[in-house]
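# A structural walkthrough
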Amino acid sequence: MFTIEQIKATHAKVKSGVDFPAYIQEMKALGVTAYEHFVSDGHIEYYGVDDFKITADAKWPTMDFAEPESVEKLKQALSVHQQGQTDYPIFCSWAAEAGVEEWIINITGMTCTYYDKKNNEMLVEAIPEV
């Protein structure tokens, strides 16, 4: 199974959203099948086969979420990030400003689903192949 150290090494190669498709392919090669990113403090729960799960520690102090949620703000933040104009922490703060509490990356299904704090689906994106 994969380790937090392996995931950190893979994540260290990501500079912006432009690098995300290659990152997902490397995560898949490690055996990661999905992960949940919690925007409030940046901790992530990684999943693999046979119910394998590991959790990465929080990355920042707890953030607040905007209300009401804004799918349009989220789409704008994603667009800028995917063009390589922001780094990961900035994107996360913008996601919180749009009302995103978490996102779930389904590596098997190649989707990213964003949820608000009421667990309502805000947006589903297909993850592009490399």
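Preceding this section is the structure that the text describes.
Residues numbered from 1 in each chain as written. Predicted model: local features only at pLDDT ≥ 70, side-chain atom pairs only at ≥ 80, totals over all residues. Heavy atoms only, no water.

### Here's the deal with the sheet that holds strand E6 (residues 121-126)
Formally: We treat two strands as partners when DSSP finds at least two bridges between them. Comment: elements are numbered from the N terminus, with helices defined as DSSP H or I runs of at least four residues and strands as E runs of at least two. The convention used is that axes are lines fitted to C-alpha atoms, helices contributing only their stretch in contact, and that angles between N-to-C directions extend from 0 to 180 degrees. Contacts: residue pairs with any heavy atoms within 4.5 Å of one another.
Overall, antiparallel pairing links the six strands, which are arranged E3-E2-E1-E4-E5-E6 in an open sheet. In the strand order of this sheet, the two ends are held by strand E3 (53-56) and E6, each with one partner. Strand-to-strand twist across the sheet, computed as the mean angle between neighbouring axes with direction ignored, equals 15°. Sitting on the sheet, helix H1 (residues 4-11) is in contact with strand E2 (44-47) and E3, with an inclination near 55° to E3. Of the strands in this sheet, strand E4 (100-106), strand E5 (111-116) and E6 are in contact with helix H3 (residues 71-82), which crosses E6 at around 30°.

### Overview of the state of the cysteines
This is how the line gets drawn: For this text, the term disulfide refers to a pair of cysteine sulfurs within 2.5 Å. Residue exposure (1.4 Å probe, protein chains only): buried if accessible area is under 20% of the type maximum, exposed if over 50%, otherwise partly exposed.
Taken as a whole, this structure holds zero disulfides when the rule is applied. Of all cysteine sulfurs, the one in Cys112 lies closest to Cys92, which takes part in no disulfide; the gap is 11 Å. Of the residues examined, Cys112 reaches a relative accessible area of 4% and is grouped as buried.

### Let's talk about the environment of Glu101
Here Glu101 lies in strand E4. When the C-alpha atoms of Glu101 and Ala12 are compared, they prove to be 23 Å apart, with 89 residues separating the residues in sequence. The residues touching Glu101, leaving out its near neighbours within four places in the chain, are His37, Phe38, Val39, Ser40, Phe65, Tyr115, Asp116 and Lys117.

### Quick word on the layout of surface pockets
Put simply, the rule reads: The rule is simple: put a 1 Å grid over the protein atoms alone, call a set of points where a 1.4 Å probe fits but cannot get out a cavity, call an open set with protein on both sides within 12 Å along at least five of seven lines a pocket, and count a residue as lining if it has an atom within 4 Å of a point. Grid points are joined across faces, edges and corners, and a volume is the space filled by probe spheres set on the points. For this classification, Asp, Glu, Lys and Arg are treated as charged, while Ala, Val, Leu, Ile, Met, Phe, Trp, Tyr, Cys and Pro are nonpolar and the rest, including Gly, are polar.
Its boundaries defined by the atoms lining it, the largest pocket holds a volume of some 370 Å³. What lines the largest pocket is a set of 22 residues, among which Gly17, Phe20, His81, Gln82 and Tyr114 lie closest to the centre. Broken down by secondary-structure element, the contributors of at least two residues to the lining of the largest pocket are helix H2 (20-30), H3, helix H4 (88-97), E4, E5 and E6. Tallied by class, residues from the lining of the largest pocket come to 16 nonpolar, five polar and one charged. In this model, the second largest pocket occupies a volume close to 170 Å³. In terms of lining residues, the second largest pocket is bounded by Ile4, Ile7, Lys8, His11, Ile44, Tyr46, Thr55, Ala56, Asp57, Ala58 and Lys59. Here the lining of the second largest pocket gets four residues from one element, more than from any other, and that element is H1. Its residues assigned to classes, the lining of the second largest pocket comprises six nonpolar, two polar and three charged.

### As for the side chain of Glu125
Condition: A positive count includes Lys and Arg, and a negative count includes Asp and Glu. His and the chain ends are not counted in either. A carboxyl oxygen of Asp or Glu within 4 Å of a side-chain nitrogen of Lys or Arg is what we treat as a salt bridge. We define a polar contact as two N or O atoms separated by no more than 3.5 Å, with the added condition that, inside protein, one atom must be a possible hydrogen donor and the other a possible acceptor, whereas residues neighbouring each other in sequence contribute only through side-chain atom pairs.
Turning to its location among the elements, Glu125 is positioned in strand E6. For the buried Glu125, which has no salt bridge, the nearest side chain bearing the opposite charge is Lys75, at an N-O separation of 9.0 Å. Side-chain polar atoms of Glu125 contact the side chain of Gln82, separated by 3.3 Å. Not counting residues within four places of it along the chain, the set of residues in contact with Glu125 comprises Leu78, Gln82, Met110, Thr111, Cys112 and Tyr114.

### So, the pairing of E5
Most of E5 sits out of view: five of its six residues are buried. Two elements, E4 and E5, share six bridges in a ladder whose sense is antiparallel. If you follow Val100 over to E5, its bridge partner there is Asp116. Taken together, the five bridges between E5 and E6 define a ladder with antiparallel strand orientation. In the sheet register, Cys112 faces E6, and the bridge partner there is Glu125.

Taken by themselves, the reported measurements are silent on function.
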